[in-house]
Amino acid sequence: MRRIGVFVCHCGINIAQTVDVEALSEYASHLNGVVVTKHYKYMCSDVGATLIKDTIKEFKLDGVVIASCSPRMHEQTFRRVANDGGVNPYRVEISNIREQCSWVHSNKEQATEKAKFLVRSAVSKALSLEPLKPSTLKVIPEALVIGGGIAGIQTSLDLANDGFKVHLVEREPSIGGHMAQLDKTFPTLDCSSCILTPKMMEVANHKNIELLSYSEVASIEGSIGNYTVKIRKKPRYIDVDKCTGCGDCATACRLKDRIVSEFNQGMGKRGAAYMPFPQAVPLKYVIDDKKCLFLTKGKCGDEPLCKKACAQDAINFDQKEEIVERKVGAIVVATGYDVMDPTAVYEYGYDVSPDVITTLELERLISSSGPTKGEILRPSNQQKPKSVTFILCVGSRDETQCTWCCRIGCMTALKQVYLLREKLGEDVEINLCYNDLRSFGKGYEEFYRKVRGLHTNMFRGRPSEVRTMKEYLKIDIFDTTTNKLFEIKTDMVVLVPAMMPRTDATEFARLLHLTLSGDGFFLEAHPKLRPVDTFVNGIFIAGCCQAPKDIQDTVSQASAAASRAATILSQEELEIDPLIAMVDEDVCTGCGICVEVCPYEARTLNERKRIAEVNDALCTGCGGCIAACPSNASIHKNFTKKQLLNMVDDIM
Amino acid sequence: MSEEKKDHKKEDFEPKIVGFLCNWCSYAGADLAGTSRIQYPPNVRIIRVMCSGSVDSMYILRALLEGADGVFVGGCHPGDCHYIDGNYKARRRMVLLENILGTLGLEKERVWLRWISASEGQKFADTMKEMAEAVRKLGPSPIAKHWNL
């Protein structure tokens, strides 16, 4: 006869105010196999844990049911407690009476009734839980970092400095990400490239980092500690071993200054042979195969001029896409964000007037390495503007676009106001239309105060429209602090657009089996306590792919992700949950259906024994083969059919 | 349907619904409904499974035979399955099951398969409300053994 103990948690009042915990505990004490029930304010506390351990010993328990929060929250905690008390950790069953009962129902009578059935069902499963031992798996002490923006760079450097081999994959020709496009960073006004470039160089030269630029992840297989990653290396049509970065090919290119530069946000031009920006890492040129005359039309004059110009003979039009394979123990995803296309907010006329630009475009105008060499010029006439107007929250905090706050818009605009004053002096009028100015970070409020003193006209409200007139732009805004309607005539409008998930975030999430939150960014395992973990063990997230954030927070998160990855990589072996499939050899007929349904190729047919077998290292415990088996020979450890059916019987 | 059965279709009939939720999406979505304190009727009682593809039709039939008025199966959205294609297995199995339900004299509307992601707490709660109402309209299961617990 089994000896089960039921422990009901009050969770302060979180459970106790909607579920009658005493009645529940009294009810549980009469269930078959239950020898003791206890209820306590916080089962997960030290006192609660001691209570469980002492009760296990006193009543010689061999199984434990905890009626508390979700198993996704504290299953591991209670398994450890049970183990310390002397009960096999896999003989613990959690009954979720908080997230799926007390928090979602308000009628105490009904909630208590439901909780009783949930506990009864958990007890019936606990009665037949088997004691299991975790299996072990060898860890490959190498990491994959996806995305070479500031987040990916920071994670790679941290891990590499810890002594782990890092494979950094970046899909653009250079690492650096959005941060490389910025001129200065708020609130300290550090020059962005001055603080970023040294880190990019460190990545390029670090003996533990393999930089795979102009590459994308093609597929990922395996699990924590042992992932096999296939990486697609796109052809650069330039031999990186020979290229010295001299730039002769770019100067010679027939399409020089005729292709819109992505790095300059369309404000400048480049050729088909180009380097995205002067500080690029790796400092190698690349040929744009969508534009290059030779690659698209098969003909570039008599011969491609770049090939003629290259003294190193580095141009190679025969390069093909290449797939390389790497084995890693942990993965950090740092794929960043997209800036919203402001044409979606059509009333601001982004596609009507060239003088309506975004903050990122202004950033390129301000930058001394930008298309205007740092001069602020109106795109329509290349004259200095007499008046510049910022519109904040374009698409952000907007039910029709992005409901969330971009967290960097206010500070970016304030920083740019400061830089415009610095560059244009008192000759320029600056207006700023805001909803709320959010200066939440360290030193942000102080920076805001500093900018307030710079003769900026602040209007609180959303402009209804930006109208393009012959010589200027006209904005109507109702200022909610003075209750007055203002008409602003201005030369340039700077939109502060929302931050969005990458357009391919959904596709990418599927590749890695990551979960998206409602807004489309990657979902963390717990918003507060596991902010860089995902639901996939061994895969972590950092930076703006998780949610919009500033550089400070991105770098902190990147270091956090590196440290979480190192927790895995620093172990030689990992304990793996033994909740996987097994075969009842006496019953199996060797029909092979399970072999076909297994998506992980963990099933094979043993021809000699004429039965199916499970490869423990490959099985992930999905249970697909269990439901598919026609003879009930497939057994999901501790999710057996018998256990599930018992649960079904007792839940009603 | 006998007179006696018809009598049970009165307004205070509380349908019993058993929910099988996959650990990675729907169960997490149900947890999110809890963390966000979104209220829904207490008619559903949830059993956690690792994947919707591991839900044997037998579990569903057993629930119906043991007294459930409806059974809910929740999985990840198509393409999002944590185990690659478990939700597709669930979907195929559901089509077969619908035929069996007919032979048992059960409406196929008593068994629901829905895709609910880990971030769709609201959707989970809404679906539970919707299902409770739909099953209430169908009335007590004609084969339920002891639904009047």
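Just so it is clear, the structure is predicted and the values come from calculations on it, not from any experiment.

### A closer look at the sheet that holds strand 11 (residues 215-223) of chain A
All names here are of chain A. Pairing in this open sheet of 3 strands is antiparallel, and the strands run 11-12-17 from one edge to the other. One side of each edge strand has no neighbouring strand; the edge strands of this open sheet are strand 11 and strand 17 (322-328). The mean inter-strand angle of the sheet, taken between neighbouring strand axes irrespective of direction, is 20°. As paired strands, strand 12 (residues 226-233) and strand 17 are joined by 7 bridges and run antiparallel to one another. From the neighbouring strand, Lys-233 faces strand 17, where its bridge partner is Glu-322.

### Examining the environment of Val-166 of chain A
Residues and elements named next belong to chain A. By secondary structure assignment, the location of Val-166 is in strand 7 (residues 165-169). Taking the C-alpha atoms as reference, Val-166 lies 4.8 Å from Ala-143; in sequence the two are 23 residues apart. Ignoring anything within four residues of it in the chain, the contact list for Val-166 reads Ala-143, Val-145, Ser-156, Leu-159, Ala-160, Asn-208, Ile-209 and Glu-210.

### Overview of the confidence of the model for chain B
Counting all residues, the mean pLDDT for chain B is 88, and 88% of those residues have values of 70 or more. Predicted confidence is poor over residues 1-7 of chain B, with pLDDT under 50, and the contacts of this stretch with residues over four places away or in other chains come to 3 contacts.

### Some thoughts on the nonpolar core
Side chains of nonpolar character tend, in soluble globular proteins, to be buried together. Ile-97 and Val-119 of chain A together with Phe-20 and Ile-60 of chain B are the most contacted members of the largest nonpolar core, which has 82 residues in total. Among the elements that line this core, the one with the most residues is helix 5 (residues 108-126) of chain A, at 7 residues. Contact partners of Ile-60 of chain B, with chain neighbours within four places excluded, come to Val-55, Val-71, Val-73, Met-94, Leu-97 and Val-111 of chain B. Within the second largest apolar cluster, 57 residues are counted, among which are Val-281, Ala-330, Phe-540 and Ile-568 of chain A.

### Some details on the interface of chain A and chain B
Reports often express the size of an interface as the amount of accessible area lost when the parts come together. Every contact between the two is made by 47 residues of chain A and, on the other side, 50 residues of chain B. Of the roughly 4,300 Å² buried between chain A and chain B on both sides combined, carbon and sulfur atoms contribute 60%. Among the residues of chain A in contact with chain B, Gln-100, Trp-103 and Met-652 of chain A are the three that bury the most area, contributing 16% of the side total. The closest approach of N and O atoms between Arg-510 of chain A and Asp-80 of chain B, which form a salt bridge, is 2.8 Å. The interface formed by chain A and chain B includes 23 residue pairs in polar contact (both at pLDDT 80 or more). Broken down by secondary-structure element, the contributors of at least two residues to the side of chain A that touches chain B are helix 3 (71-85), helix 4 (98-102), helix 5, helix 17 (624-628) and helix 18 (641-650) of chain A. Counting residues per element, the side of chain A that touches chain B draws most heavily on helix 18 of chain A, at 6 residues. Class assignment of the residues belonging to the side of chain A that touches chain B gives a composition of 23 nonpolar, 17 polar and 7 charged.

### Digging into helix 5 (residues 121-138) of chain B
Residue and element names in this part refer to chain B. The first and last C-alpha atoms of helix 5 sit 26 Å apart over 18 residues, in line with the 26 Å expected at 1.5 Å per residue. Considered for burial, the residues of helix 5 that qualify are Gly-121, Phe-124, Ala-125, Thr-127, Met-128, Met-131, Ala-132 and Val-135. Each buried residue of helix 5 lies within a common arc of 160° when the element is viewed along its axis, so the set occupies one face. Backbone geometry just after helix 5 places Gly-139 at a positive phi near 90°.

### A closer look at helix 6 (residues 150-161) of chain A
All names here are of chain A. Over its 12 residues, helix 6 runs 16 Å from end to end, which matches the ideal 16 Å to within 8%, given 1.5 Å per residue. Across the 12 residues that make up helix 6, a large majority, 10, are buried. Buried within helix 6 we find Ile-150, Ala-151, Gly-152, Ile-153, Gln-154, Thr-155, Ser-156, Leu-157, Leu-159 and Ala-160. Considering only its buried residues, helix 6 is in contact with strand 6 (142-146), strand 7, helix 7 (192-205), strand 10 (209-212), strand 18 (330-333) and helix 15 (551-569). Just past helix 6, the residue Gly-163 takes up positive phi, approximately 100°.

### Quick notes on unusual backbone geometry
Residues and elements named next belong to chain A. Along the chain, Phe-186 connects to Pro-187 via a cis peptide bond; the corresponding omega equals -10°. Looking at the secondary structure, you find Pro-187 in the loop between strand 8 (184-185) and strand 9 (190-191). A cis amide bond links Val-281 to the next residue, Pro-282, at an omega of 0°. Here Pro-282 lies in the loop between strand 15 (273-274) and strand 16 (286-287).

### Let's talk about the side chain of Ser-439 of chain A
Residues and elements named next belong to chain A. Looking at where Ser-439 falls in the secondary structure, it is placed in the loop between strand 22 (429-434) and helix 13 (444-452). Within the local environment of Ser-439, its side chain forms a polar contact with the side chain of Glu-445, the two groups lying 2.4 Å apart. Ignoring any residue separated from it by four or fewer positions in sequence, one finds Ser-439 in contact with Met-411, Tyr-444, Glu-445 and Tyr-448.

Conventions and cut-offs
Position labels on residues start from 1 in each chain and follow its written sequence. Chain labels run from A onward and ligand labels from 1 onward, assigned in the order the entries are written. A pLDDT threshold of at least 70 governs which residues receive local features in this predicted model, and a stricter bar of 80 or more applies before side-chain atom pairs are shown or counted, although totals over entire chains, interfaces and linings include all residues. Side-chain numbers come from the whole structure's heavy atoms, not from hydrogens or water. For two strands to pair, DSSP has to find at least two bridges joining them. The secondary structure listing takes helices from DSSP runs of H or I that are at least 4 residues long and strands from runs of E that are at least 2 residues long, numbered from the N terminus. Between N-to-C directions, angles span 0 to 180 degrees; the directions come from axes that are lines fitted to C-alpha atoms, helices contributing only their stretch in contact. Contact criterion: two residues are considered in contact whenever any of their non-hydrogen atoms come within 4.5 Å of each other. Along the chain, pLDDT gives the predictor's confidence residue by residue, from 0 to 100. We define the nonpolar core as a collection of buried residues of types Ala, Val, Leu, Ile, Met, Phe, Trp, Tyr and Cys that are connected through side-chain atoms lying within 4.5 Å of one another. Burial classes: relative accessible area under 20% of the type maximum marks a residue as buried, over 50% as exposed, and values in between as partly exposed (1.4 Å probe, protein chains only). When two parts are brought into contact, each loses some accessible area as probed by a 1.4 Å sphere; the total of that loss over both is the buried area. Every case where a carboxyl oxygen of Asp or Glu lies within 4 Å of a side-chain nitrogen of Lys or Arg is listed as a salt bridge. Distance and chemistry together define a polar contact, namely a pair of N or O atoms within 3.5 Å, with one atom able to donate a hydrogen and the other to accept it when in protein, and with adjacent residues in sequence counting only for side-chain atoms on both sides. Following the grouping adopted for this structure description, the nonpolar residues are Ala, Val, Leu, Ile, Met, Phe, Trp, Tyr, Cys and Pro, the charged ones are Asp, Glu, Lys and Arg, and the polar ones are all others, Gly among them. By this rule, a helix spans an expected 1.5 Å times one less than how many residues it contains. By definition, the arc is the one covered by directions from the helix axis to the C-beta atoms.

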